[in-house]
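Secondary and tertiary structure notes
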Amino acid sequence: MSDDRPTVAPRPRRNPDGTVTVTTTDHGDVTVACPPWCTAEHGYRHPPAKAEITHNSEPAWALVDTPEHGPTSLVEAGLVQWPYSDRAQVFLSVETDDGHLEVGPTGARRIAAALRAHADHIDAMAEQLAAMRAGEGL
């Protein structure tokens, strides 16, 4: 981090017209109009560059309540957009073991198909587990 970059970004300003003004490092104050799905407060730890301004939806989690561990969350997915970047389209952001993966409609459908296939695999393993516990095989 550069020594001239402030440690804490100024709080974004909410404007009467519903827009938000964010102070950026490269374009000064930028007024942002959020899409209806954006739930971001647009507060940043460090003042962002204009291209780093991000719209985010409320993340949706796959939730499960197991007898062994109670409620837990498995996979996070939500919408994300960097409206002032060279990637200005809206993406689906999915949590992975490497962080978050941003994909378009085709990628999102492939992820959904992979999750359905994985669910079928887990169902088959649950049947195998039930049989093992019933003493029908190891």
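Keep in mind that this is a model prediction, so the values were computed, not measured. (Residues numbered from 1 in each chain as written. Predicted model: local features only at pLDDT ≥ 70, side-chain atom pairs only at ≥ 80, totals over all residues. Heavy atoms only, no water.)

**Here's the deal with the pattern of salt bridges**
Heads up, the rule is: By definition, a salt bridge exists where a carboxyl oxygen of Asp or Glu is found within 4 Å of a side-chain nitrogen of Lys or Arg. Here a strand is any run of E in DSSP of at least two residues, a helix any run of H or I of at least four, and the numbering for each starts at the N terminus. For the exposure calls, accessible area comes from a 1.4 Å probe over protein chains only, and a residue counts as buried if that area is under 20% of its type's maximum, exposed if over 50%, partly exposed in between.
Scanning the model with the defined rule gives two salt bridges in all. The partner of Asp 29 in a salt bridge is Arg 13, with the nearest N and O atoms 2.9 Å apart. Of this pair, Asp 29 sits in strand S3 (residues 28-32) while Arg 13 is found in strand S1 (residues 13-14), placing the two residues 16 residues apart along the sequence. When its relative accessible area of 40% is taken as the criterion, Arg 13 is described as partly exposed. Between Arg 14 and Glu 41 there is a salt bridge; the shortest N-O distance is 3.2 Å. A residue pair is termed long-range when its members are at least 10 positions apart, and Arg 14 in strand S1 and Glu 41 in the loop between S3 and strand S4 (55-56) qualify at 27 residues.

**Remarks on the packing of aromatic side chains**
The cut-off we apply is this: Two rings belonging to Phe, Tyr or Trp (six-membered ring only in the last case) form a pair when the distance between their centres is within 6.5 Å. Interplanar angles under 30 degrees mark stacking, angles over 60 mark edge-to-face geometry, and anything in between is tilted. Our definition puts a charge over a ring when NZ of Lys or CZ of Arg is within 6 Å of the ring centre and also within 35 degrees of the ring normal.
Taken as a whole, this structure holds one aromatic pair when the rule is applied. The interplanar angle of 55° and the centroid separation of 6.4 Å between the aromatic rings of Trp 82 and Phe 91 together place this pair among those described as tilted. Take Phe 91: its relative accessible area is 14%, and that puts it in the buried class. The cationic tip of Arg 87 hangs over the ring face of Phe 91; the distance from NZ or CZ to the ring centre is 4.6 Å.

**Thoughts on the nonpolar core**
Spelled out, the test is: By nonpolar core is meant a set of buried Ala, Val, Leu, Ile, Met, Phe, Trp, Tyr and Cys residues that side-chain atoms within 4.5 Å join together. Residue contacts are defined here by distance: any two heavy atoms, one from each residue, within 4.5 Å place the two residues in contact.
Val 20, Val 22, Val 30, Val 32 and Ile 53 together form the largest nonpolar core, which totals five residues. Every element with two or more residues in this core is listed here: strand S2 (20-24) and S3. Once residues lying within four places of it in the same chain are set aside, the contact partners of Val 30 are Val 20, Thr 21, Val 22, Thr 24, Lys 50, Ile 53 and Tyr 84.

**Section: the confidence of the model for the protein**
Rules: A score between 0 and 100, pLDDT records how confident the predictor is in each residue.
Here the protein averages 92 in pLDDT, and 93% of its residues register 70 or above. When pLDDT is averaged over each helix and strand of the protein, the minimum, 93, is found for S1 and the maximum, 97, for S4.

**With respect to the sheet that holds S2**
What counts, and what does not: A pair of strands is labelled paired if DSSP reports no fewer than 2 bridges between them.
The three strands lie next to each other as S1-S2-S3, forming an open sheet whose pairing is antiparallel. In this open sheet, the two edge strands, each paired with only one partner strand, are S1 and S3. Relative to S3, S2 runs antiparallel, the two sharing five bridges. Within the sheet, the bridge partner assigned to Thr 23 lies in S3 and is Asp 29.

**A word on unusual backbone geometry**
Phi is positive for His 42, close to 60°, though the residue is something other than glycine. Locating His 42 in the fold gives a position in the loop between S3 and S4.

**Overview of helix H1 (residues 105-133)**
To keep it simple, the criterion reads: In this scheme, a helix's expected span is set at 1.5 Å multiplied by one less than its residue total.
Between the first and last C-alpha of H1 there are 41 Å, a value that for 29 residues agrees with the 42 Å anticipated at 1.5 Å per step. Within two residues after H1, Gly 135 carries a phi angle of roughly 80°, on the positive side.

**So, the pairing of strand S7 (residues 91-96)**
Sheet topology places strand S6 (residues 70-81) next to S7; four bridges connect them, and they run antiparallel. Opposite Ala 77, over in S7, you have Val 94 as the bridge partner. Linking two consecutive strands that pair antiparallel, namely S7 and strand S8 (residues 99-103), is a turn of two residues.

**Concerning the side chain of His 55**
Structurally, His 55 is set in strand S4. Judged by relative accessible area, His 55 falls into the buried class, the value being 2%. When residues no more than four places from it in sequence are discounted, the contact partners of His 55 are Val 32, Ala 33, Cys 34, Pro 35, Trp 37, Cys 38, His 42, Leu 79, Val 80, Gln 81 and Pro 83.

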